[in-house]
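The residues making up each chain are set out below.
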Amino acid sequence: GIQVEQSPPDLILQEGANSTLRCNFSDSVNNLQWFHQNPWGQLINLFYIPSGTKQNGRLSATTVATERYSLLYISSSQTTDSGVYFCAADGSSNTGKLIFGQGTTLQVKP
Amino acid sequence: DAGVIQSPRHEVTEMGQEVTLRCKPISGHNSLFWYRQTMMRGLELLIYFNNNVPIDDSGMPEDRFSAKMPNASFSTLKIQPSEPRDSAVYFCASSRAANQPQHFGDGTRLSIL
């Protein structure tokens, strides 16, 4: 099945800094989603982005399906951005069966 | 609109007991997913349903695990008998269709003593 790898595993930022998180996947995808797990354990869907670019406030994401990677950009980071960011992909089965990466743990310091 | 609702939020029980986790998906969502999260294995899909029908249960670890979706607004995940290694956070998620954005409940933190 599809493999999903995220980098870096850990990231520490000062408030106000920008960052880029990367997600590589081993096969073509029909479904690529980014999630944020906050310190209380809640999983929030950030983007559904099998291809192209989307923006939502300070966050944006780009998926280059032909090169099998996706990037999540966080600009002007805030302490509330802390948590774990997961990328999840569904290969060609198009069934919604998401395979999650191991996540990037982000800590934003005031 | 209400999100995905899971109950209970926390469950502590002794090994060998039956455990039942419950999930109410978002109204109008036709796909429902059960996940398990552990430190060792991360987030794993256990089983998913489309239109109340189980489609893929290949992630269910053992026969001790079972899941049902008797109607569009309710699903259960049952473990019988429970074992300490089943301790984890169990999430339910739903989406409008199989390949659409998934929305997660707050999870059930399960501890088997």
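Rules and cut-offs
- Residues numbered from 1 in each chain as written.
- Chains lettered and ligands numbered in written order.
- Predicted model: local features only at pLDDT ≥ 70, side-chain atom pairs only at ≥ 80, totals over all residues.
- Heavy atoms only, no water.
- Helix = DSSP H or I, 4+ residues; strand = E, 2+ residues; numbered from the N terminus.
- Buried < 20%, exposed > 50% of the residue type's maximum accessible area, 1.4 Å probe, protein only.
- Areas by Shrake-Rupley, 256 points an atom, 1.4 Å probe, with all protein chains shown as cover.
- Lys, Arg positive; Asp, Glu negative; His and termini not counted.
- Charge placed at Lys NZ, Arg CZ, Asp CG, Glu CD.
- Pairing = 2+ DSSP bridges.
- Axes fitted to C-alpha atoms, helices over the stretch in contact; angles between N-to-C directions.
- Salt bridge = Lys/Arg side-chain N within 4 Å of Asp/Glu carboxyl O.
- Contact = heavy atoms within 4.5 Å.
- Buried area = accessible area lost by both parts, 1.4 Å probe.
- Polar contact = N/O pair within 3.5 Å; in protein donor to acceptor, adjacent residues only side chain to side chain.

Asks: Tell me about the overall build of chain A, and name the residues and values.
Replies: Assigned secondary structure in chain A consists of zero helices and 11 strands. In chain A, the succession of α and β elements from N to C terminus is β-β-β-β-β-β-β-β-β-β-β. Dimensions of chain A, computed from C-alpha atoms along their principal axes, come out at roughly 45 × 25 × 20 Å. Counting over 110 residues, chain A shows a buried share of 50%. For chain A, the accessible surface area stands at approximately 5100 Å², while carbon and sulfur atoms represent 47% of it. Where the 6 positive side-chain charges of chain A centre and where its 7 negative ones centre are 2 Å apart.

Asks: Go over unusual backbone geometry with me, naming the residues and quoting the values.
Replies: Residue Pro-8 of chain A is reached from Ser-7 of chain A by a cis peptide bond, and omega for that bond is -10 degrees. Checked against the element boundaries, Pro-8 of chain A lands in the loop between strand E1 (4–7) and strand E2 (10–14). Each neighbour pair has its own omega, and for Ser-7 of chain B with Pro-8 of chain B the value is -10 degrees, a cis peptide bond. Topologically, Pro-8 of chain B is positioned in the loop between strand E1 (5–7) and strand E2 (10–13). Positioned with a positive phi, Arg-68 of chain A is a non-glycine residue whose angle comes to about 60 degrees. Here Arg-68 of chain A shows up in the loop between strand E7 (59–64) and strand E8 (69–74). Given a relative accessible area of 36%, Arg-68 of chain A falls into the partly exposed group. For Ser-76 of chain A, which is not glycine, the phi torsion reads 45 degrees and is therefore positive. Within the fold, Ser-76 of chain A resides in the loop between E8 and strand E9 (83–90). By relative accessible area, which is 39% here, Ser-76 of chain A ends up partly exposed.

Asks: I'd love a proper account of the sheet that holds E1 of chain B, names of residues and values included.
Replies: Residue and element names in this part refer to chain B. Sheet architecture is open: four strands sit in the order E1-E3-E8-E7, paired in antiparallel fashion. The outermost strands of the open sheet, each flanked by one partner alone, are E1 and strand E7 (65–71). Strand-to-strand, the axes of this sheet are offset by a mean angle of 15 degrees, without reference to chain direction. Where strand E3 (residues 19–24) meets strand E8 (residues 74–79), five bridges bridge the pair, whose relative direction is antiparallel. Across the sheet, Arg-22 pairs through a bridge with Thr-76, a residue of E8.

Asks: Provide a residue-level description of the pattern of salt bridges, including the pertinent values.
Replies: Side chains that differ in charge, positive against negative, can pair when their charged atoms come close. Residue and element names in this part refer to chain B. Under the defined criterion, the tally for this structure stands at 11 salt bridges over all chains. With its nearest N and O atoms 3.9 Å apart, the salt bridge here joins Arg-9 to Asp-106. With a gap of 97 residues between them, Arg-9 in the loop between E1 and E2 and Asp-106 in the loop between strand E10 (103–104) and strand E11 (108–112) connect regions that are remote in the sequence. The residue Asp-86 makes a salt bridge to Arg-64 at a minimum N-O spacing of 2.7 Å. On the criterion of sequence distance, the pair formed by Asp-86 in the loop between E8 and strand E9 (88–95) and Arg-64 in the loop between strand E6 (53–56) and E7 is long-range, its members being 22 residues apart. Take Asp-86 and Arg-64: they sit in the same class, and that class is buried. Through salt bridges with shared partners, a single network forms among Glu-62, Arg-64, Glu-83, Arg-85 and Asp-86.

Asks: If you had to explain the interface of chain B and chain A to someone new, which residues and values would you point to?
Replies: How large an interface is tends to be reported as the accessible area lost when its parts come together. Each partner contributes residues to the interface: chain B has 19 residues there, and chain A has 17 residues. Its largest share of buried area at the contact with chain A, chain B owes to Leu-43, Asn-99 and Phe-104 of chain B, together 32% of the area lost on that side. Taken together, chain B and chain A are joined by one salt bridge. Between Lys-97 of chain A and Asp-56 of chain B there is a salt bridge, with the nearest N and O atoms lying 2.8 Å from each other. If you look at where chain B meets chain A, you find nine residue pairs in polar contact (both at pLDDT 80 or more).

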